[in-house]
Amino acid sequence: MSKIQTSLVLFFVVLIALLFAWAGGQYGPQFNIGEFTAVPLLVMAVLIVFLIQWLAFFPAYIKKTEHFYDLVGGVSYLVFVGGMFLATYQFDMRSLLLTVLVSIWALRLSLFLFKRVGQDGSDSRFDSIKHDFMRFLLAWTVQGLWIIVTAGCAVTAISSAQKVSLTMIDVIAILLWILGFAIEIIADQQKRQFKRQETKPTPFICQGLWRYSRHPNYFGEIILWFGIALLALPALQGWQYMTLLSPFFVVLLLTKISGIPLLEAKADERWQGLDEYQHYKNNTPVLLPNFLK
């Protein structure tokens, strides 16, 4: 990708995020600019998320390191969700639950990934880009988009003027989040334990939850974000419904862009010559678990 192409992608990434924030901020608090102009507070929050990524990018590029990438992502989630919760002064139970659930997930994942890259020494996703200023900057900017869109419906509901009491549907939403969160944690832990084993039955993990799905951690993450969207839904109105794209964005990201395709290609490169790997791949779903195996 040329520098011009990378610059265009950067521009559209920021533009998409701002349009997403404009839609979500239509029935939320406004930030006054001058006497006659107001901008949705959510738009200002989005700019702060990008600013955090760009400020972190410069020392990361100077040191040519990706070690703090995921940790900065987690902090950005906390700032984005927690900041909007505090800024709206509307501490209803739905907003509190959304803030807590997203914050727990972000803190757990960022610390897990930060610890993993520290133990592994590097993250292969950045091997070819961390020495290229524009491509590395794009990676940090795309992280901003990931944070903004993924947490978009939650933050929109938190800041929305429409407040609705909790119902049984919200209980289902919370249970979905708990189920997805548990699956993601268990799958991640099983993989870390497998990697630490000195002797392994196979060079790739196919035990525990990984027996039923080749990517159970991603399945769990998708489930929990649909739980968040369902919990956010009653507080949305008008253009804010556009933010319900959040869980579908997670599906797209994990299944078509940065998640499963990269890991599947890496696994194929390592083990495609092994009969047990081909058997595992041919008999295990890529995402949706088959518990009848």
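Details of the structure are given in the entry above.
Quick caveat, the model's predicted, so the values are computed rather than measured. (Residues numbered from 1 in each chain as written. Predicted model: local features only at pLDDT ≥ 70, side-chain atom pairs only at ≥ 80, totals over all residues. Heavy atoms only, no water.)

## Considerations on the pattern of salt bridges
Right, on to step 1. All told, the structure shown has seven salt bridges when counted by the stated rule.
Right, on to step 2. The salt bridge partner of Arg 108 is Glu 184, with a shortest N-O separation of 3.8 Å. Of this pair, Arg 108 sits in helix H4 (residues 93-120) while Glu 184 sits in helix H7 (residues 168-196), and the two are 76 residues apart along the sequence.
Right, on to step 3. Judged by relative accessible area, which is 18%, Arg 108 ranks as buried.
Right, on to step 4. As a salt-bridge pair, Asp 268 and Lys 281 come within 2.8 Å of each other at their nearest N and O atoms. Taken as a pair, Asp 268 in helix H10 (residues 260-271) and Lys 281 in helix H11 (residues 275-283) lie far apart in primary sequence, 13 residues in all. (Salt bridge = Lys/Arg side-chain N within 4 Å of Asp/Glu carboxyl O. Helix = DSSP H or I, 4+ residues; strand = E, 2+ residues; numbered from the N terminus. Buried < 20%, exposed > 50% of the residue type's maximum accessible area, 1.4 Å probe, protein only.)

## Things to note about the packing of aromatic side chains
Right, on to step 1. Tallied over the full model, the rule gives 24 aromatic pairs.
Right, on to step 2. Ring centres of Tyr 77 and Trp 105 lie 5.1 Å apart, and the angle between their planes is 85°; this geometry places the pair in the edge-to-face category. Pair noted here: Tyr 77 is in helix H3 (residues 69-88) and Trp 105 is in helix H4, with a separation of 28 residues, a long-range link.
Right, on to step 3. Between Phe 136 and Trp 140, the ring centres sit 6.2 Å apart and the planes meet at 75°, which makes this aromatic pair edge-to-face. Taken together, the positions of Phe 136 and Trp 140, both in helix H5 (residues 133-150) and four residues apart, correspond to about one turn of that helix.
Right, on to step 4. Judged by relative accessible area, Phe 136 falls into the buried class, the value being 0%.
Right, on to step 5. By relative accessible area, which is 1% here, Trp 140 ends up buried.
Right, on to step 6. The rings of Phe 57, Phe 58, Tyr 61, Tyr 69, Phe 133, Phe 136 and Trp 140 are connected pair by pair, giving a single aromatic cluster.
Right, on to step 7. Against the face of Tyr 61 rests Lys 64, its NZ or CZ located 4.0 Å from the ring centre. (Phe/Tyr/Trp six-rings, centres within 6.5 Å; stacked < 30°, edge-to-face > 60°. Lys NZ or Arg CZ within 6 Å of the ring centre and 35° of its normal.)

## A short note on the side chain of Arg 214
Right, on to step 1. One can find Arg 214 in the loop between H7 and helix H8 (216-232).
Right, on to step 2. Judged by relative accessible area, Arg 214 falls into the buried class, the value being 13%.
Right, on to step 3. In terms of polar contacts, Arg 214 uses its side chain to reach the side chain of Glu 264, at 2.8 Å.
Right, on to step 4. With residues near it in sequence (within four places) discarded, Arg 214 still touches Glu 264, Tyr 280, Lys 281, Thr 284, Pro 285 and Val 286. (Polar contact = N/O pair within 3.5 Å; in protein donor to acceptor, adjacent residues only side chain to side chain. Contact = heavy atoms within 4.5 Å.)

## Observations regarding the packing of helix H2 (residues 41-63) against H5
Right, on to step 1. At their nearest, the axes of H2 and H5 sit 9 Å apart, and the two run at 150° to each other. For the element pair H2 / H5, the angle class is roughly antiparallel. Note that H2 runs across H5; the crossing there is right-handed. Between H2 and H5, the residues in contact are Val 46, Val 49, Phe 50, Gln 53, Trp 54, Ala 56, Phe 57, Phe 58, Ala 60 and Tyr 61 and Phe 133, Phe 136, Leu 137, Trp 140, Thr 141, Gln 143, Gly 144, Leu 145, Ile 147 and Ile 148, respectively. (Axes fitted to C-alpha atoms, helices over the stretch in contact; angles between N-to-C directions. Parallel < 35°, antiparallel > 145°, perpendicular 65-115°, else oblique. Left-handed = near helix turned anticlockwise from the far one by under 90°.)

## Brief notes about helix H1 (residues 3-24)
Right, on to step 1. Taking 1.5 Å as the rise per residue, H1 with 22 residues should run 32 Å; its terminal C-alpha atoms sit 32 Å apart, in good agreement.
Right, on to step 2. In the core, the buried residues of H1 are packed alongside H2, H5, helix H6 (152-159) and helix H9 (246-257). (Expected span 1.5 Å × (residues − 1).)

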